[in-house]
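Take a look at the letters that make up each chain.
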Amino acid sequence: MNLQTTSKIDGPGLDQLAPVGRETVQDRIYRQLRDALIQARFDAGEIFLAGDVAQRMSVSSMPVREALARLVSERALEAMPNRRVRVPLLTLERARDIAQARTLIEGELAARAITNLDRADIERLEALTAEYEETRDAQEVATLNHAFHFQLYEAAGSSVFMPIVESLWMQAGPYVRAAAKLHSPLTDMAATVHHRGILAAIESGDKALVTRELTADISQAFAILERADPSFWGEDNGGAS
């Protein structure tokens, strides 16, 4: 029997299906929350209630619950009793795991990207770095830093690694935010020294150097947390202990 010609789902009924928009309400909610997590806008321990989020975003609760469930499955958020969801609490052990995972995967992506970057890509990275150095707005810093890294990583052309990196950035967001509270200002020239190092490595085609500079850049925030007083990891700062 030829299933291709006799299947009940293969027939004129398919002609009745209407085109679907590329992005659903749930997708838009997910994207906004994902971007906010990536850009370190939420504190560890911050609670999300679907109804509150829905009211703030002027949508119904159902797509919010679906978007939050998706973020829980990606370990960016964690489920709590009474249908609450929260940003995971901070632990030094988890900080170290996230830092190691980011340096391993992002270092590989950066090394792969070097041979794929064209002049327009490099000019874009240079422009983002210059904007970063000029701004004094912490939120703009986060946006520009994200844009720089993902402009670089996307040039690697890996559809497997990129979702992993996005998940790691969401998980790292509360730690980066916590580090920012321990160290300021966020907008000095030292913040982009490793971006400049990455650009120099790209220009010279040095994969080992670009990996070292990227590792140093990622490690800055986590090194601040490593030096933090043990009392920092208490509940007042979103710590798990």
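Look up a bit, the structure's there.
One numbering rule holds for all chains: residues counted from 1, following each sequence as written. Predicted model: local features are reported for residues with pLDDT of at least 70 only, side-chain atom pairs are reported and counted for 80 or more only, and whole-chain, interface and lining totals are derived from all residues. Computation of side-chain values: all heavy atoms of the structure, hydrogens and water removed.

**Details of empty space enclosed by the protein**
- The definitions used throughout rest on a 1 Å grid laid over the protein atoms alone, on which a cavity is an enclosed set of points accommodating a 1.4 Å probe that cannot get out and a pocket is an open set flanked by protein within 12 Å on both sides along at least five of seven lines; lining residues are those having an atom within 4 Å of a point. Grid points are joined across faces, edges and corners, and a volume is the space filled by probe spheres set on the points. Taken as a whole, this structure holds one cavity of 30 Å³ or more when the rule is applied.
- Its volume calculated, the largest cavity comes out at about 50 Å³.
- As for the largest cavity, its lining consists of R75, A76, P88, L89, L90, R94, M170, Q171, P174 and Y175.
- In this classification, the charged set is Asp, Glu, Lys and Arg, the nonpolar set is Ala, Val, Leu, Ile, Met, Phe, Trp, Tyr, Cys and Pro, and all remaining amino acids, among them Gly, are polar. A breakdown of the residues in the lining of the largest cavity according to their chemical character gives seven nonpolar, one polar and two charged.

**Describing the side chain of T135**
- In this description a helix means any DSSP run of H or I spanning at least four residues, a strand means any run of E spanning at least two, and both kinds are numbered starting from the N terminus. Here T135 is to be found in the loop between α6 (119-134) and α7 (138-154).
- Note on T135: relative accessible area 7%, which makes it buried.
- In the analysis that follows, any N or O atom pair within 3.5 Å is treated as a polar contact, provided that within protein one partner can donate a hydrogen and the other can accept it, and provided that, for residues neighboring in sequence, both atoms belong to side chains. At 3.1 Å, the side chain of T135 forms a polar contact with the backbone nitrogen of D137. Exposure is judged per residue with a 1.4 Å probe applied to protein chains only, and the accessible area is read against the type maximum: over 50% gives exposed, under 20% gives buried, and values in between give partly exposed.

**Observations concerning the pattern of salt bridges**
- The term salt bridge refers to a pairing of a side-chain nitrogen on Lys or Arg with a carboxyl oxygen on Asp or Glu at a separation within 4 Å. Considering all chains together, one arrives at eleven salt bridges under this definition.
- A salt bridge links K181 to D43; its shortest N-O distance comes to 2.8 Å. Of this pair, K181 sits in helix α8 (residues 161-182) while D43 is found in the loop between α2 (25-38) and β1 (47-48), placing the two residues 138 residues apart along the sequence.
- With a shortest N-O distance of 2.6 Å, R86 and E78 are connected by a salt bridge.
- Residues participating in the shared-partner salt-bridge network are R34, D35 and E166.

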